[in-house]
Amino acid sequence: MIRVHADQARSINSAAGRTHDLMYNDFAQIYDSFMDNVPYDAWCEQITAIFRTYGISSGIVADLGCGTGTLTEMLADRGFDMIGIDNSDDMLMEALRKRDESGHDILYLNQDMREFELYGTCAAIVSRCDSLNYITEPDDLIKVFELVNNYLDPKGLFIFDMKTEYMFRSILGNNTFSRSNDEATYIWENYYDGEKKLNEYDLTMFIRNGGMFEKSEETHIQRAYSIEEIKNAAAAAGLKWLGVWDADTETDPEEDSARIIVVLQENGK
């Protein structure tokens, strides 16, 4: 990976007053080929360990912001009845391809997490790989939490991770990353606005199509939330706070924690 420091931060005006559309388009085609450094196996073990702690060994589990379904498939391998929810048609096409290969009976739904609907309740809902950072309006975060609470079994769990402000400010902020393989090249430019707590990702991709490479561009926006803001949103939605940890070390969050994992519980409200 090449890292180049940008000379100046750019103000994120495009996100002011609105919520990003949460969509992956062309990037979905190459997403998995550039996610080989994501510890999906460890995430799956971490989630199932939390399930065991709270007595969940089977049942329906919804994967909110499931992307291409890698974690969804792993949890299906563990015996859970999986539902995958994502707002990107292109990501779900990749997930359906994996389902065809595995033979798992996974229900995939093309829905916005701010408005998702299920036919019944779940033993647990999970959301990994910073999907909830795409919720750029605090009121919308409460809406997501309210829906989660509505679709959880009594005492059901909600397990999710988020990138921290430290990650946006000190690791991603105003830096450019690039990576190449035989399939594609991407250039990933970041612009972090510390006042708005918004990070804009400008993705430029060159994707192989036969003997040629086609250029494509996408813009994504994520928001940094403090632990206190997450706690307040959970309380407003009626969810019980069980804990927060550094997602990598599974210890108490530190100032330099790049990603946190939060566990909430349906509270009968």
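The structure this text deals with has already been given above.
The rules behind each value
- Residues numbered from 1 in each chain as written.
- Predicted model: local features only at pLDDT ≥ 70, side-chain atom pairs only at ≥ 80, totals over all residues.
- Heavy atoms only, no water.
- Patch = residues over 30% accessible without salt bridge, like charges linked within 9 Å, V, L, I, M, F, W, Y side chains within 5 Å.
- Areas by Shrake-Rupley, 256 points an atom, 1.4 Å probe, with all protein chains shown as cover.
- Salt bridge = Lys/Arg side-chain N within 4 Å of Asp/Glu carboxyl O.
- Lys, Arg positive; Asp, Glu negative; His and termini not counted.
- Charge placed at Lys NZ, Arg CZ, Asp CG, Glu CD.
- Helix = DSSP H or I, 4+ residues; strand = E, 2+ residues; numbered from the N terminus.
- Buried < 20%, exposed > 50% of the residue type's maximum accessible area, 1.4 Å probe, protein only.
- Axes fitted to C-alpha atoms, helices over the stretch in contact; angles between N-to-C directions.
- Parallel < 35°, antiparallel > 145°, perpendicular 65-115°, else oblique.
- Left-handed = near helix turned anticlockwise from the far one by under 90°.
- Contact = heavy atoms within 4.5 Å.
- Core = buried A, V, L, I, M, F, W, Y, C linked by side-chain atoms within 4.5 Å.
- Pairing = 2+ DSSP bridges.
- Expected span 1.5 Å × (residues − 1).
- Phe/Tyr/Trp six-rings, centres within 6.5 Å; stacked < 30°, edge-to-face > 60°.

Caption draft 1: Representation of a negative patch on the surface within the structure. Taken together, the side chains of Asp252, Glu254, Glu255 and Asp256 make up a negatively charged region of the molecular surface. Looking at the secondary structure, you find Asp252 in the loop between β11 (239-246) and β12 (259-266). Classification of Asp252 by relative accessible area gives exposed; the value is 54%.

Caption draft 2: Spotlight on the packing of helix α2 (residues 40-53) against helix α3 (residues 70-77). Taken N-terminus to C-terminus, the directions of α2 and α3 make an angle of 50°; their axes are 10 Å apart at the nearest point. Classed by the angle they form, the pair α2 and α3 counts as oblique. Classified by chirality, the crossing of α3 by α2 is right-handed. The residues of α3 that touch α2, namely those facing Tyr40, Asp41, Cys44, Ile47 and Thr48, are Thr70, Leu71, Met74 and Leu75.

Caption draft 3: Geometry of the nonpolar core. Counting 32 residues, the largest nonpolar core has Phe116, Ile125, Leu132, Phe145, Phe158 and Phe160 as the members making the most contacts within it. Among the elements of the structure, β2 (60-64), β3 (81-86), β5 (122-127), α5 (138-150), β6 (152-163), α7 (227-236), β11 and β12 are those that each provide at least two residues to this core. Once residues lying within four places of it in the same chain are set aside, the contact partners of Phe158 are Ile125, Ser127, Leu132, Phe145, Val148, Leu152, Val262, Val263 and Leu264.

Caption draft 4: Highlighting the environment of Ile85. In this fold, Ile85 is placed in strand β3. Here the alpha-carbon distance between Ile85 and Thr72, two residues 13 residues apart in the chain, equals 9.8 Å. Leaving out residues up to four positions away in the same chain, Ile85 has contacts with Ala62, Asp63, Leu64, Gly65, Cys66, Leu109, Gln111, Phe116 and Leu118.

Caption draft 5: Layout of the sheet that holds β11. Spatially, seven strands are ordered β4-β3-β2-β5-β6-β12-β11 in an open sheet, and the strand pairing comes out mixed. Edge positions in the open sheet fall to β4 (107-110) and β11, since each of these has one partner strand only. Each adjacent strand pair in this sheet contributes to an overall mean axis angle of 15°, direction not counted. By the bridge criterion, four bridges tie β3 to β4 in an arrangement that is parallel. Paired with Ile85 across the two strands is Leu109, which belongs to β4. On the sheet, α2 packs against β2, β5, β6 and β12 and is oriented at approximately 150° with respect to β6.

Caption draft 6: A look at the packing of α5 against α7. Orientation of α5 relative to α7, taken along the N-to-C sense of each, is 50°, at an axis distance of 8 Å. Between α5 and α7, the angle is such that the two are oblique. In terms of crossing hand, the pair formed by α5 and α7 is right-handed. Contact with α5, carried on its side by Leu141, Ile142, Phe145 and Glu146, involves Ile230, Ala233, Ala234 and Ala236 of α7 and no other residues of that element.

Caption draft 7: How the structure looks around α2. With 14 residues, α2 ought to run about 20 Å at 1.5 Å a step, and its terminal C-alpha atoms sit 20 Å apart, in line with that. Summarising the contacts, the buried residues of α2 are in contact with β2, α3, β5, β6 and β12. Immediately downstream of α2, the backbone of Gly55 shows phi near 75°, a positive value.

Caption draft 8: Structural detail: the pattern of salt bridges. Inspection of every chain in the model, using the stated rule, returns 14 salt bridges. One salt bridge connects Glu45 with Arg78, and the closest N-O pair in it is separated by 3.3 Å. Placement of the pair is Glu45 in helix α2 and Arg78 in the loop between α3 and β3, with a sequence separation of 33 residues. Residue classification places Glu45 among the partly exposed positions, given a relative accessible area of 34%. The exposure class assigned to Arg78 is partly exposed, which follows from its relative accessible area of 40%. Linked by salt bridges that have partners in common, Arg128, Asp130, Asp161, Lys163 and Arg259 make up one network.

Caption draft 9: Region of the structure containing the packing of aromatic side chains. Counted by the stated rule, this structure contains nine aromatic pairs. When the centroid spacing of 5.5 Å and the interplanar angle of 45° are considered together, the rings of Phe145 and Phe160 count as tilted. Separated by 15 residues along the polypeptide, Phe145 in helix α5 and Phe160 in strand β6 bring together distant segments of the chain. Here Phe145 matches Phe160 in class, with each residue buried. Each ring, one from Trp188 and one from Tyr201, has its centre 5.6 Å from the other, and the planes form 25°; the classification is stacked. Of the two residues, Trp188 is situated in strand β8 (residues 184-193) and Tyr201 in strand β9 (residues 198-209); the sequence distance between them amounts to 13 residues. Tyr201 shares its class with Trp188; the two are buried.

Without other data, these values stay purely geometric and don't point to any function.
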